[in-house]
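Each chain, written out:
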Amino acid sequence: MTSVTTQYFPAASGIREAEPEIREAAEDLAALVYDGKFDSVHADLRAALEDPMFDQRHGLAPLEAGRLSYERARFLHGRLGPAAELMRDQLRMFAIGEWSCLIDTTTLPILNIHYNLCLGTILQHGAGRDDLADYIDELGSMSSIGLLIATELGHGNNIAALETEAVYDHASREFVLNTPHARAQKFMPNTGISDIPKLAVVMARLKVDGADCGVLPFIVRISDHNGLCEGVHVTRLPEKPGFALDNAVTRFDHVRIPRRNLLTGDMGQLTDDGVFQGAVGSKRKQVLRALDRVTPGRICLTGALISAGRASVYIAVRYAEQRLTAAPGRGEVPILAYRSQQIALFSSLAQVYAMTFLVNHVKTEYLSRHSGNEAEVDQLISIAKALSSWEMSRVIHVCRERCGAQGMFSVNRIADYVPMAQGVVTAEGDNLPLLATVAAQMLARRSRSAGKTTPSDPASRDLLTGTFQLDLLQYREDSLRREARQAMTEETRGDGTLFSAWNQNMTAATSMARTRGVRLALEQFLTAVENAETEDGRTALRLLACLYGLLEVNRDSGWYLARNALTAEQVERLPREIESLCEQILPHSRLLVDGFNLTPELLRAPIADDDYITAVSRLVGQDLPAPRTASR
Ligand SMILES: Cc1cc2nc3c(=O)[nH]c(=O)nc-3n(C[C@H](O)[C@H](O)[C@H](O)COP(=O)(O)OP(=O)(O)OC[C@H]3O[C@@H](n4cnc5c(N)ncnc54)[C@H](O)[C@@H]3O)c2cc1C
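Per-chain numbering applies: the sequence of each chain, read as written, is numbered from 1 onward. Under the rules for a predicted model, residues below a pLDDT of 70 receive no local features and side-chain atom pairs below 80 are neither given nor counted, while totals for whole chains, interfaces and linings still include all residues. Note that water and hydrogens are dropped before the side-chain values are worked out from all heavy atoms of the structure.

Describing the overall build of the protein
And step 1. Per the convention used, a helix needs a DSSP run of H or I reaching at least four residues, while a strand needs a run of E reaching at least two, with both numbered from the N terminus. In terms of helices and strands, the protein carries 22 helices and 14 strands.
And step 2. Considered along the principal axes of its C-alpha atoms, the protein spans approximately 85 × 70 × 40 Å.
And step 3. We call a residue buried when its accessible area falls under 20% of the maximum for its residue type, exposed when it is over 50%, and partly exposed in between, using a 1.4 Å probe and counting protein chains only. Counting every position in the protein, which comprises 632 residues, the buried fraction comes to 56%.
And step 4. For the protein, contacts bridging at least 24 residues in sequence account for 75% of all contacts bridging at least 6. Working rule for contacts: check all heavy atoms of both residues, and any pair within 4.5 Å makes them a contact.

Structure, rendered in structure tokens:
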């Protein structure tokens, strides 16, 4: 640590960290970030990642890196205790992804698909069936890796159109699983490493006596230690930058599977006479019910990406405190002394905290989900997934850029989180169709109230208060909803089709759904401020919550101005207020990243070290003496 850094950021030197009140404030923030459950849910997972198994390995070919990720996934599985208990503890399931992705991004899809999508689907739709115990034990012990094989080359987001067939042969009481043509090839399950035993839930169209019974889940063995099973054909896909998962195109050539492998759950039954009796109104609803486990899967991916966002800001802030650059008339200063760096990193910090609190709220709502509020909770999950994965994509990108050349190396982590963010945006419900679906559902719902009208006398309101910021967001959400709904009604009453009406209003509608997410995030943020128990923690969080609200108001300031919800003076003042908040946040920035309960030892990113010069030199095997004087 150079003396220049110490002079600018005493917190970075470790001096203030040693003060009991600062330590207490960091613990206070960590209690809010981990919703009071760090010790019970997270601590042992973080400790497991400190094992040498997770040390950085350089120069691995993609396939070797993929194999290592499977090994690491098994290692974590071994630390998690009995699978039956784990599967009942959804918070632990979410936490696994949040920690494992920090050190090896490829373990995230492996573990999420294994537990949430494969084992979770079998447990849900095979509930009460003793005849599935062998499969459940096999996955529960991870002697086979679980897969979910749904998407096809010709069908991505439109999952109800899948064409892989499972034809029932009543004489042998078996299904014949087949890929009828190129469009139905399964696109891109992790089947590419074929000497690892893998057991899949395959989504296929059930055909009984020539009748189409809709898409349902089937348990299918894909591979064992000797390679692929008979009739399963796999072609590994080319590399995806920064992602070692063994994704492949997979097709089935008349693979015979026993009748017990069909998972109908409460979606219907195949009778002993060989007749399928469906219990769900439509084939589309049936496939969505069959894929219900995608819902917790979305929370898992979202929480993990926010965790990567926290790590990115943690690394970038610590590096910016040490990294020196020229300043007019001042010799050298740490780059964090520059307002441009503060705006970039503290905006990211605000977004990371906001999304953390939003997803904590989502987890609580999911745990209390029941038939009465299911639709509402699912909408909330979709909004949170889309909003936070887009925000984290941006945050990670900004942090990568603000670390300069060092940010480009995998060893410093952030560059690896960039493709991970892209994967989360697309997988388990691509953000855009996901948000559009929720927006359409929100428009369709009748509401007796017209919603919030223009906030009166904006000149008398204080831009920096949470109540005014929330009023503005609520007003925007209600207005966009009311106007899009009215326009849709008028369009469909006239000559327009439903599609053309939707096309003309989908941009406003998806903005409305996004705004709802932002409003909820700000509400949760303000609640967290109130719940902070230390003065330092509360002060730091209050400034950050205010920054989050202002950034969002600033984003649509033209819209608010046009509707007289803000005055021209307020709109002009917004950027200055944002800068002033960043200046006030600066003394608290180390405390705010310490609230993430991360350490340089855990992340093993040289630029996050207390002394990055020594850490990078160690990495490249140089042992030149440390500089005796501060850089000028
Ligand atoms: C990392 C990763 C791992 C994956 N692993 C698996 C796996 O293990 N098993 C598996 O079955 N699948 C897997 N997938 C595939 C995943 O399920 C699909 O990517 C996802 O369903 C989206 O389909 P698509 O990518 O084909 O997008 P498409 O359907 O082709 O959509 C592309 C774009 O078109 C637009 N669009 C599409 N539909 C609409 C709409 N209705 N309204 C407006 N715009 C629209 C959007 O801009 C969208 O981004 C994986 C994907 C990723 C990225």
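Examining the site of the ligand
And step 1. Taken together, 17 residues sit near the ligand, with Leu148, Ala150, Thr151, Asn157 and Asp430 positioned nearest.
And step 2. For the purposes of these results, a polar contact is taken to be a pair of N or O atoms within 3.5 Å, where, inside protein, one atom must be able to donate a hydrogen and its partner to accept one; residues adjacent in sequence count only when each atom of the pair is a side-chain atom. For the ligand, an oxygen atom lies 2.8 Å from a polar atom in the backbone of Ala150.
And step 3. Contact between the ligand and Asp430: an oxygen atom at 2.8 Å from a side-chain N or O atom of the residue.
And step 4. The protein chains shown are the only cover counted for residues, whose accessible areas, like all others here, come from Shrake-Rupley with a 1.4 Å probe. Out of a free accessible area of 970 Å², the ligand has 62% covered by protein chains. It suffices for a single heavy atom of a residue to lie within 4 Å of a molecule or strand for the residue to be listed as near it.

Considerations on the UniProt feature "domain: Acyl-CoA oxidase C-terminal" (unreviewed entry) in the protein
And step 1. Sites flagged by UniProt as "domain: Acyl-CoA oxidase C-terminal" (unreviewed entry) map to residues 470-611.
And step 2. Taken as a whole, residues 470-611 contains 80% helix and 0% strand, while its terminal C-alpha atoms sit 42 Å from one another. UniProt positions are given in the numbering used here, feature names are shortened, and annotations may be inferred rather than shown by experiment.

Concerning the UniProt feature "domain: Acyl-CoA oxidase C-alpha1" (unreviewed entry) in the protein
And step 1. Taken from the UniProt record, the annotation "domain: Acyl-CoA oxidase C-alpha1" (unreviewed entry) applies to residues 297-441.
And step 2. Structurally, residues 297-441 is divided into 74% helix and 6% strand, and its ends, taken at the C-alpha atoms, are 21 Å apart.

A look at the domain arrangement of the protein
And step 1. Segmenting the protein into domains produces domain 1 (146-290) and domain 2 (292-621).
And step 2. Where a domain begins and ends is set by an automatic assignment or by a domain database. Taking only C-alpha atoms into account, the centre of domain 1 sits 37 Å from that of domain 2.
And step 3. Every contact between the two is made by seven residues of domain 1 and, on the other side, six residues of domain 2.
And step 4. Of the roughly 480 Å² buried between domain 1 and domain 2, counting both surfaces, carbon and sulfur atoms make up 54%.
And step 5. Accessible-area loss on putting two parts together, using a 1.4 Å probe and summing over both, is the definition of buried area adopted here. Ranking the residues of domain 1 by area buried against domain 2 places Asn157, Gly242 and Phe243 at the top, with a combined share of 62%.
And step 6. Just to be clear on terms, a salt bridge is a Lys or Arg side-chain nitrogen sitting within 4 Å of an Asp or Glu carboxyl oxygen. Here domain 1 is connected to domain 2 by zero salt bridges.
And step 7. Put simply, Ala, Val, Leu, Ile, Met, Phe, Trp, Tyr, Cys and Pro go in the nonpolar bin, Asp, Glu, Lys and Arg in the charged bin, and everything else, Gly too, in the polar bin. Taken together, the residues of the side of domain 1 that touches domain 2 sort by class into four nonpolar, two polar and one charged.

Digging into helix H10 (residues 294-322)
And step 1. Multiplying one less than the number of residues by 1.5 Å gives the expected span of a helix. Here H10 is 29 residues long and its end C-alpha atoms lie 42 Å apart, about the 42 Å a rise of 1.5 Å per residue gives.
And step 2. Among the 29 residues in H10, 29 count as buried, and that is most of the element.

Details of the nonpolar core
And step 1. Ranked by internal contacts, the top residues of the largest apolar core, which has 196 residues, are Phe218, Tyr353, Phe525, Leu541 and Leu547.
And step 2. Looking at this core element by element, the count peaks at 16 residues for H10.
And step 3. When residues are assigned to domains, this core turns out to be shared by domain 1 (146-290) and domain 2 (292-621), each giving three or more.
And step 4. Filtering out sequence-adjacent residues up to four positions away, Leu547 remains in contact with Phe346, Ser347, Ala350, Ile578, Leu581, Cys582 and Ile585. Note on terminology: a nonpolar core comprises buried Ala, Val, Leu, Ile, Met, Phe, Trp, Tyr and Cys residues joined through side-chain atoms within 4.5 Å.

Regarding unusual backbone geometry
And step 1. One non-glycine residue with positive phi stands out, namely Arg173, at about 55 degrees.
And step 2. Structurally, Arg173 is set in the loop between strand S2 (165-169) and strand S3 (174-178).
And step 3. Of note in this structure, Asp209 is not a glycine but carries a positive phi near 50 degrees.
And step 4. Locating Asp209 in the fold gives a position in the loop between strand S5 (198-208) and strand S6 (211-224).
And step 5. Judged by relative accessible area, Asp209 falls into the exposed class, the value being 77%.

Overview of the side chain of Arg413
And step 1. Among the structural elements, Arg413 can be located in the loop between helix H12 (374-402) and helix H13 (414-426).
And step 2. In this tally Asp and Glu are treated as negative and Lys and Arg as positive; neither His nor the chain ends contributes. It is Asp416 that comes nearest to the buried, bridge-free Arg413 among opposite-charge side chains, at 5.5 Å.
And step 3. At a separation of 2.7 Å, a polar atom in the side chain of Arg413 contacts the main-chain carbonyl oxygen of Leu603.

A closer look at the packing of aromatic side chains
And step 1. A pair of aromatic rings is counted whenever rings of Phe, Tyr or Trp (Trp by its six-membered ring) have centres within 6.5 Å, and the orientation is called stacked for planes under 30 degrees apart, edge-to-face for over 60 and tilted otherwise. Scanning all chains against the criterion turns up 15 aromatic pairs.
And step 2. Judged by centre distance (5.3 Å) and plane angle (65 degrees), the ring pair of Phe357 and Phe525 falls under edge-to-face. In this pair, Phe357 is assigned in helix H11 (residues 339-367) and Phe525 in helix H16 (residues 498-531), connecting sequence segments 168 residues apart. Exposure class is identical for Phe357 and Phe525. Each is buried.
And step 3. Measuring from centroid to centroid gives 5.3 Å for Trp559 and Tyr560, while their planes differ by 85 degrees, and the two rings are edge-to-face.
And step 4. Here Tyr560 falls in the buried class, since its relative accessible area comes to 0%.
And step 5. Sitting above the plane of the Trp559 ring, Arg476 keeps its charged end 5.0 Å from the centroid. As a reminder, the over-ring test applies to NZ of lysine and CZ of arginine, requiring each to be within 6 Å of the ring centre and within 35 degrees of the ring normal.

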